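Structural characterization, general
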Amino acid sequence: MSVGADWLNPWLLVAVVALGVAAWQWLETRHKLAGTQQELARRLAESDTAASETRALARQAEERTSSLQERFGALEARIAESQSQQATLEKLFQDLARNRDEWALAEIEQSVTLASQQLQLSGNVPGAVAALQSADSRLAAGGRPQLLALRKAIGRDLERLRALPLVDLPGMNLRLESVIVAVDSLPLAIDARPRAEAPPPAVSERAETNAMAGVLRQFAADIWQEFRGLVRIQRFDRDEPVLLAPGQAFFLRENLKLRLLNARLALLARDQTTFRNELQQAREWLGRHFDARAAVVQEAQATLKSLSGAEIGLELPSLNESLSAIRSLQMARERK
């Protein structure tokens, strides 16, 4: 076959065309591959940049997480400390409330005990009422339901005391004390001076203006004055007073004071019989040995007579109900 014929061979043309297409496709593919490589490289670069940023953000997140963990740990420590402090405060509050109740109960017990002592030692009903009223006021201010039974017991004791007739023992004691103090200054009957009688009138004469009559009157008056100084006339509408030596007068006054002091003790003990007997004996001594015309003696007699008529033998109630209620509360608190 000739060369010209070979070029004209269709298969050769097809082969050349195929090679051309293959070359174009290879070039096209290479070009695309180069673009893809560039795009991949660009994307890889962007990915590296994003990865760097991500790592930076991750580090920042880790740092923040670490900081938050530290803060959270500190917060947990503070919460634990706060809870511990709260528990301590609650315990202190409970102890304070318990101690406050105990203090209030102790103060109420002191008031009730004081009222009982006022009744037992001196029979001072107003003082006992005041002490119980103070205890009742403390209970009312507290407003605690667990103390309601105690307040009722105190209220019942108050009603019993208020129902008693009023006996002013302190006032009676002061009046008796005034008589005791005045004993040393009371005048004795033996020392009383008689009342001066009027001198007898001079005999009137017609010659009143006579000088001699005037001299006689003056002379008579002088004689009367001298006579009155020598003679002592005294009238008693009772038995003759006992003549006492100075030392005996001292013992008389001291024994009278002892009588009045015994009456004072009987008054404080509410011993009606002894009180009246001692006052009666003291009044008899005043009437027998002291000057009944003196104002101070009359005043002392009136005071003793008034005191003798007073009723002091009252049966005072005890405060056992209130004291028992207090002891029951104390025992209940000790069991807790």
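Residues numbered from 1 in each chain as written. Predicted model: local features only at pLDDT ≥ 70, side-chain atom pairs only at ≥ 80, totals over all residues. Heavy atoms only, no water.

The helix and strand tally for the protein stands at 10 helices and 0 strands. When the helices and strands of the protein are placed in sequence order, the string is α-α-α-α-α-α-α-α-α-α. For the protein, the residues scored as buried account for 24% of the 336 residues in total. Put simply, 80% of the contacts in the protein that link residues at least 6 apart link residues at least 24 apart. (Helix = DSSP H or I, 4+ residues; strand = E, 2+ residues; numbered from the N terminus. Buried < 20%, exposed > 50% of the residue type's maximum accessible area, 1.4 Å probe, protein only. Contact = heavy atoms within 4.5 Å.)

Along the chain, Glu315 turns up in the loop between helix H9 (295–308) and helix H10 (320–335). Glu315 sits 192 residues away from Gly123 along the chain, and the two C-alpha atoms are 9.6 Å apart.

As a further point, take the confidence of the model for the protein. On average, residues of the protein score 77 in pLDDT, and 78% of them reach the 70 mark or higher. Here residues 195–205 is a poorly scored stretch, pLDDT under 50, and it has 7 contacts once near neighbours within four places are set aside; other chains count. (pLDDT = per-residue confidence, 0-100.)

With that settled, the discussion passes to the packing of helix H4 (residues 148–162) against H10. At a minimum axis separation of 8 Å, H4 and H10 run at an interaxial angle of 170°. The orientation of H4 with respect to H10, classified from their angle, is roughly antiparallel. Considering how the two elements wind past one another, H4 and H10 form a crossing that is left-handed. Across the interface between the two elements, Leu150, Ala153, Ile154, Arg156, Asp157 and Arg160 of H4 pack against Glu321, Ser322, Ala325, Ile326 and Leu329 of H10. Each residue belonging to the contact of H4 with H10 can be placed in one class, and the counts come to 6 nonpolar, 1 polar and 4 charged. (Axes fitted to C-alpha atoms, helices over the stretch in contact; angles between N-to-C directions. Parallel < 35°, antiparallel > 145°, perpendicular 65-115°, else oblique. Left-handed = near helix turned anticlockwise from the far one by under 90°. Nonpolar A, V, L, I, M, F, W, Y, C, P; charged D, E, K, R; others polar.)

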